[in-house]
Amino acid sequence: MSAGNARQEPVVTREVGRAHGLTDGEFDRMLEILGRTPSFTELGLFMSAWSEHCSYKSSRIHLKGLPTTGPQVVQGPGENAGIIDIGDGQVAVFKMESHNHPSFVEPYQGAATGVGGIMRDVFTMGARPVASLNALRFGPPAHPRTAYLVSGVVAGIGGYGNSMGVPTVGGDVAFDECYAGNILVNAFTLGIAKREGIFYGTASGIGNPLLYFGSKTGRDGIHGASLLASAEFDETSEEKRPTVQVGDPFAEKLLLEACLELMAVPGLLVGIQDMGAAGLTSSSIEMAARAGNGVEMDLDKVPLREAGMSAYEIMLSESQERMLAVVTKGREEEAMKILEKWDIDAAYVGVVTTTGRVVLKQGGKVVADVPADPLAEGLRYDRPSARPGYLDAINAVDPLSLPQPTNDKLGQVLLDLLASPNIASKEWVFRQYDHMVRVGTVTRPGEADASVIRVLRPDGTAKGIGLSVDCNSRYCFLDPYEGSRLTVAECARNLAVSGVRPQAITDCLNYGNPEKPEIMWQFIEGIRGMSEACKAFNTPIVSGNVSFYNETDGKGIYPTPMIAMVGLIDDPTKTVTHAWKGEGDVIVVLGKASTDLGGSEYLKVVHGKVAGRPPRLDIDAEHRLHQLCIALADARLVRSAHDLSEGGIGVALAECCISASPAIGCEVELKDGLAPVASLFGEAPSRALLSVTAENLEKVRAQAAAANVPFEVIGRTGGRKLVVKGLVDLELAPISAAHKTGFRKVVE
Amino acid sequence: MSSPSRLRVAIIQFPGSNCDDDALHVLTKVMGTAASFVWHKDTSLPDATDVVIVPGGFSYGDYLRSGAIAAQSNIMDSVRNFAGAGKPVLGICNGFQVLCESGLLPGALARNSTLKFECKDVFVRVEGMPTPFSSAIPAGRVLRIPIAHADGRYFHENLAALESAGQVVFRYCDHAGGVTAEANPNGSIGGIAGVCNAKGNVVGLMPHPERASESILGNVDGRQLFESLLMSFEGKAGGKQ
């Protein structure tokens, strides 16, 4: 090809390739595919499509082992979002995605556009977004940038999500030193569609026109995917601010409504894809490749924010709120009319071809002509892995060998744990998110272990979807395999204790630099654990995202495989929340306690250590607990339920007391025979704390026995104190104060 | 006017409205009225419209003052005429902002004193004004209704005049009905959560009654506003007014 170019593009050499993130091997592969030296625009296409962010080149061979199928799965990984059947001719469409690096560089816009991006992924498949979650990780509260980052990220998530009218119904916020130079912002959105109303990003039908609509294309976000998301951070990271996009939620709200209106017209749209990472490049390449077709586009027709943009800039721009659709030939005007109603910029920019190639023209000349398949297919690396040397020493630490607080100090330790920003109330965060719009929020954030929303069946009756997002990255650091098993287990447990049946997951796998064998080992171990747990709980992975290079100055974050789990509850009025519901109810612990202080919040708060071994998950025992909790909720046999996790039974009891309004105390006795700190703050999994009326106690006991789940009555609700016989005797007011103010102190 | 249960309610849709679906759901599925959407570009309301609701959201993105651009849209001329004829108009949240910007309601709504978006339950005291949306609720009753806004700080240059004209319809309060600084979530003057026009037929409030109208969502206090509306029409049908 004579890549004629009026704009005097730079000549592509190996050095230019390197400067754009292509290794010499990748450069050679590109030459081999093209059979010639690429134009500068073509280099841009290759480097974007082959970036870690877009191609999953380091993770792909490992992701293959994950369970992704099941009777509930309508669409597994590989599309814009995953889809499960929720009955009644309806499907749930959901995905989680990271926006870590942009949010660290520019917290408000980084987080806002992360929310915008995940919402587009969901509505581009034909679903109306109905609920969002987010999982955030920040550096230590005392770090000088933490308050600024927390405030900016939370405001950005709220600013975008609130304007979109999609409730943010739950989430997870935690702090650790390992995130000081590399925060995590993982955003999840779930939408509901009709089973027969699903859309895919496919360029089918030779001769069908390509419709660009949404915001105009500008120079923002160029290299977002390739440079910002696919490289480590260092002291120059601030200079990458221009690679962060700027969000316009109003534009996206119009885009959402217009898309759903276009999709509601039978046969009008053939395929549609949003322009996310690598913008027009990835949307055009992926749509062509999925259909086995080609596309030809005239870049002069693309709506531009400013004149004089080169083909390279147009193709790599990550301007937000843009879509590319394939319209049925002959119905161009019909589609345009709907976009005019919503005052949305739109232009027909190209056509579907038979060639299997993406051909771009500018100024009447061909500026790029590349095969779609090898770009969409990307690269695959089997990177070396090695178990990190530091693990042996750190695993060998026995938490009980450290000095333990005397029994008279345990009350204060409990207050310290409740005030730890990891455990303290996240009300400061959730008040900034509209969590009630769409009149479907059954549980307020923090009210139950799962976030339950109402979904209306076509006949107008209510059913429920339960959501949970979690990751204990300390466990994953100490043992990536066990940690990710525990993470999946906790998500499922959060749903089950609330009465929700787990169905499927989406994930955001946040790791360090995959070119380091230790990081690759963490990743592979994490996948292995996740895979095993998902199989056991029958919760296949239907979508997700891998975020590597979460490092600053060579120091990686703890492995953080964030899991969001989606489940169903037929009757949302059966949802079980934390709070004690009255005085005199019997308090029951399901599951077996053990000395699990490795990687615990206790160890961190009291001793400042992340060490030891995480708990060992007995996956069958865990699964039995889930089945029991779901059955008990369905039979309305429990008044409250809370899983036992960070901070152990001490923290769980306190939360059940102060969640009640007004607060209700309790008096319990722990007879597990463990050391007091292990008994109170141990984090053994597969356990739940219930309150049950005296009347229903024997029924619950019988069901637990039948389910082979350990059952123990530990006390009763009531009074104005939290009393754990011999260990804790606290008024409720200081408990409430510690829990309420612990987080606010970080940011105010 | 038709039978109360088939009240014809027009819900105005601006670009960026996002509580339009919620209002429609509650007005039709919960209250049983014949509610439908009216597009902002339309130049007239449907024939025989009984009530207009301006729902919440972020009209035009609220990038200028909240509600300022929506107030200039085509449909608002019809809404002004409708209100001028003494018919009931309710603005919720962004709808309240739009009605203030349109001159249909007194005062203005500024950025919350917290400078943050605030989404939570608040208590409001019903001040006993005879508007269609409050006349059936006893004066002094405390309702728990959620708020969700960044620009909800009500301001009026002459609070005393507003009060003496009987235009304060709802005030933020504590659970016992006390109007205190602590119970005021956004710094509104006089703890004002909702006001009406001089005639009392146009009402705006920042809290979202439509979010507190179904037991499955744990709260039905907000439904009292809509029940009051239905009763005001029953009253007319019975010739009481």
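Keep in mind that what you see is a predicted model, and the values were worked out from it rather than measured.

Definitions and cut-offs
Sequence order as written defines the numbering, with residues in each chain counted from 1. To read the labels, note that chains go from A and ligands from 1, taken in the order they are written. Per-residue local features are limited, in this predicted model, to residues with pLDDT of at least 70; the limit for side-chain atom pairs, both in listing and counting, is 80 or more; totals at the level of whole chains, interfaces and linings are taken over all residues. DSSP bridges decide pairing: two strands pair if at least two such bridges lie between them. A run of H or I in DSSP counts as a helix once it spans at least four residues, and a run of E counts as a strand once it spans at least two, with each numbered from the N terminus. Lines are fitted to the C-alpha atoms to define the axes, a helix being fitted only along its stretch in contact, and any angle between axes, read from their N-to-C directions, falls within 0 to 180 degrees. By definition, residue pairs are in contact when their C-beta atoms, positioned from the backbone, come within 7 Å. Per-residue confidence from the prediction method is given by pLDDT, with values spanning 0 to 100. Three exposure classes are used, based on other C-beta atoms lying within 10 Å of a residue's own C-beta, which is placed from the backbone: buried for 20 or more, exposed for 12 or fewer, and partly exposed in between. As a working rule, the residues Ala, Val, Leu, Ile, Met, Phe, Trp, Tyr, Cys and Pro are called nonpolar, Asp, Glu, Lys and Arg charged, and the rest polar, with Gly in that last group. By convention a crossover is right-handed if, when the strands point away from the viewer, the path from the first strand over the helix to the second runs clockwise. Angular relationships are summarised with four words: roughly parallel below 35 degrees, roughly antiparallel beyond 145, roughly perpendicular across 65 to 115, and oblique for the angles in between.

On to the sheet that holds strand β11 (residues 202-205) of chain B. Residues and elements named next belong to chain B. Across the sheet, which stays open at both edges, the 9 strands sit in the order β2-β1-β3-β4-β11-β10-β9-β6-β7 with mixed pairing between neighbours. The sheet is open, and its two edges are formed by β2 (34-39) and β7 (142-149), each paired on a single side. Taken over all neighbouring pairs, the strand axes of this sheet differ in orientation by 25 degrees on average, direction set aside. Sheet topology places strand β9 (residues 168-173) next to strand β10 (residues 192-196); 3 bridges connect them, and they run antiparallel. Bridged to Arg-171 within β10 is Ile-192. Relative to strand β4 (residues 89-92), helix α2 (residues 75-84) is tilted by about 130 degrees, and along the sheet it contacts β1 (8-13), β2, β3 (51-54), β4 and β11.

Moving on to the confidence of the model for chain A. On average, chain A scores 94 in pLDDT, and the residues at 70 or more come to 96%. Low pLDDT, under 50, characterises residues 1-6 of chain A; the predicted model gives this stretch 9 contacts beyond four residues in sequence or across chains.

Our next topic: unusual backbone geometry. All names here are of chain A. Backbone torsion omega between Ser-661 and Pro-662 reads 0 degrees, so that peptide bond is classified as cis. Phi at Tyr-549 is positive, roughly 65 degrees, even though this residue is not glycine. Inspection of the secondary structure assignment puts Tyr-549 in the loop between β17 (541-547) and β18 (551-552). C-beta crowding within 10 Å serves as the criterion here: with 25 such atoms nearby, Tyr-549 is assigned to the buried category. Positioned with a positive phi, Ser-686 is a non-glycine residue whose angle comes to about 60 degrees.

The next subject is the interface of chain B and chain A. Chain B puts 25 residues into the contact, and the matching count from chain A is 27 residues. At the level of secondary structure, the elements contributing two or more residues to the side of chain B that touches chain A comprise α1 (20-30), β6 (118-126) and β7 of chain B. Here the side of chain B that touches chain A takes 5 residues from α1(B), the largest share from any one element. Taken together, the residues of the side of chain B that touches chain A break down into 12 nonpolar, 5 polar and 8 charged.

We now examine the pairing of strand β16 (residues 501-510) of chain A. Residues and elements named next belong to chain A. Across the 10 residues of β16, 9 count as buried, placing the element largely inside the fold. The sheet contact formed by β16 and strand β20 (residues 560-569) spans 9 bridges and is antiparallel. The residue of β20 that forms the bridge with Pro-502 is Gly-567. Examined bridge by bridge, β16 and β17 share 6 bridges and lie parallel to one another. Along β17, the bridge assignment pairs Asp-507 with Gly-544. Where the polypeptide runs from β16 across helix α20 (residues 517-536) and back to β17, its parallel neighbour, the crossover connection is right-handed.

All names here are of chain A. Closest axis-to-axis distance for the helix α23 (residues 648-659)/helix α26 (residues 732-741) pair is 10 Å, and the angle between their directions is 100 degrees. When the interaxial angle is binned, α23 and α26 end up roughly perpendicular. Taken together, the residues of α26 that come into contact with α23 (itself represented by Ala-654, Cys-657 and Ile-658) are Leu-732, Ile-735, Ser-736 and His-739. Split by residue class, the contact of α23 with α26 holds 5 nonpolar, 2 polar and no charged.

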